[in-house]
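# Per-entry structural report
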Amino acid sequence: MPSTFTAVSYATTLTPAALDTVRSVLAEHGYTVASERRESHPGFEAVVLELGSLNPSGTTDEQGAARLARLRAALVVAGGDEVSTAVVPDSLRAAERKFIIMDVDSTLIQQEVIELLAAHAGTEVEVAKVTEAAMRGELDFVQSLHHRVATLAGLPESVLAEVGAKIKLSVGAERLVAQAKAAGHVVAAVSGGFSQILAPLAARLGLDYAMANDLEIVDGVLTGKVSGAVVDRAAKATQLRLWSQESGIAQHATMAIGDGANDLDMMAAAGLGVAFNAKPAVRAVADAQINLPNLDVALALANIA
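Throughout what follows, the structure given in this document is the object of discussion. (Residues numbered from 1 in each chain as written. Predicted model: local features only at pLDDT ≥ 70, side-chain atom pairs only at ≥ 80, totals over all residues. Heavy atoms only, no water.)

### Some remarks on the overall build of the chain
Helix and strand counts for the chain come out as 14 helices and 11 strands. Whereas a compact globule of 305 residues would reach a radius of gyration of roughly 19 Å, the chain reaches 20 Å, a difference of no more than 12%. Projecting the C-alpha coordinates of the chain onto the three principal axes gives extents of approximately 65 × 35 × 35 Å. Counting across all 305 residues of the chain, residues that qualify as buried make up 52%. Partitioning the intrachain contacts of the chain with sequence separation of at least 6 by distance along the chain shows that 66% fall at a separation of at least 24. Counting only carbon and sulfur atoms, one obtains 53% of the accessible surface of the chain, whose full area is about 12900 Å². (Helix = DSSP H or I, 4+ residues; strand = E, 2+ residues; numbered from the N terminus. Rg over C-alpha atoms; globule rule 2.2 N^0.38 Å. Buried < 20%, exposed > 50% of the residue type's maximum accessible area, 1.4 Å probe, protein only. Contact = heavy atoms within 4.5 Å. Areas by Shrake-Rupley, 256 points an atom, 1.4 Å probe, with all protein chains shown as cover.)

### Comments concerning the nonpolar core
Core analysis: the biggest nonpolar cluster contains 63 residues, and Met-102, Leu-108, Leu-117, Phe-194, Met-255, Ile-257 and Leu-301 have the highest contact counts within it. Element by element, the count of residues in this core is highest for helix H14 (residues 296–302), at 6 residues. With residues up to four places along the chain from it excluded, the contact list for Leu-301 reads Val-8, Ala-86, Val-88, Arg-93, Leu-272, Val-274, Ala-288 and Ile-290. One finds Val-190, Ile-249, Met-267 and Ala-270 within the second-largest nonpolar core, a separate group that totals 25 residues. (Core = buried A, V, L, I, M, F, W, Y, C linked by side-chain atoms within 4.5 Å.)

### Examining the pairing of strand S6 (residues 186–194)
When a strand is regular, its side chains alternate between the sheet's two faces. Taken across its 9 residues, S6 has 9 buried, putting it largely inside the fold. Here strand S5 (residues 99–102) pairs with S6 via 4 bridges, running parallel. From the neighbouring strand, Phe-99 faces S6, where its bridge partner is Val-186. In this sheet, strand S7 (residues 209–218) lies alongside S6 in parallel orientation, the contact comprising 4 bridges. Counted as the bridge partner of Ala-188 is Tyr-209 from S7. (Pairing = 2+ DSSP bridges.)

Structure follows, in C-alpha cells:
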C-alpha cells in the first residue's frame with residue numbers, strides 16, 4: 001500500500017553502498033521503495049525514494065508517529081557521516097504552495113550578528129560563550145539576549161551599517177529564496193537577532209515576511225536594550241502559524257529551518273522541522289537534518305525545482 005512519505009538521501013557523493021544501507025533500514029522498518037530517482041544539485045547529490053508501506057491497516061496516528069520517529073533515528077545512525085536521509089511528508093512535497101521559514105544567524109547567514117557587534121565593544125569572547133550556551137538550550141534565551149545586548153551599550157549607531165556590510169549569506173541561501181519564490185511559494189525569516197540587520201537583508205532577498213528584535217537607539221547611540229518583546233522560541237512558532245495562515249498555506253505544507261534551541265518550537269510546529277548544521281540537542285528532535293553547509297538541500301527536501 002502507498003505511504004505518505006518520501007525519503008530523500010543526500011551527500012556530497014552518494015555511493016552505492018550508502019544507498020544500499022538506506023534501503024536496508026527502510027525495509028527493516030516496513031517500507032518498500034516504490035520508485036527511485038537520482039538528482040544532481042549544486043554541491044551535492046540526492047536520491048529520492050518514493051515509499052510504499054508494509055504497515056497493516058488500522059494503525060493509529062500515535063503508533064504511526066512512533067514508527068516514523070524510530071525510522072528517522074535509525075537512518076541517522078546508519079548514515080553516519082557518509083549520507084543523510086530525510087523522511088519528508090508528501091503533504092509538504094506535493095503542496096501547490098509551500099511556506100518556508102528560516103532562522104537568520106548561522107542559518108540564513110553564516111555569522112552570529114551579536115558577536116560581530118560585540119567585537120566593536122570588546123566583548124566578543126564573553127558574548128560568544130553566552131550565545132553558544134543559549135543555542136545549546138543551557139540558558140534562557142530572553143535573559144541571555146538582554147545580557148549580551150547590555151554589553152553593546154555606548155556603541156555608535158554607525159556600527160550597524162559596518163556589521164551589515166560584513167554579512168555573508170549561507171551557501172545556497174539566495175538560490176533557495178529565489179527558486180522558491182519563482183515557483184510561487186512563500187519565504188520568511190524570523191530572528192532572535194536584530195531588525196536593523198535583517199530588514200535590509202530581507203529587502204535584498206525579497207523575503208515575504210521578516211521579523212527580529214529592535215535594538216534601542218537614542219541620539220545615535222545603542223543603549224544596550226531592546227525595544228518591545230523579545231523574539232524568542234514561542235514567538236517564532238507564533239509567526240510561522242500567523243504568516244502561513246495569512247498566506248493561505250496549511251500548516252502541513254510548511255518547513256522551518258534553524259540551528260539552535262530558540263528554533264525548536266517553530267520546527268515542531270512546521271510540517272517539516274529541519275536542523276541546519278545544528279547543535280546536537282536540536283538535531284536529536286528535528287524531523288530532518290541538513291548536515292552540509294548548503295541550504296540548497298532544502299529545495300530537494302521540499303521538492304522545489
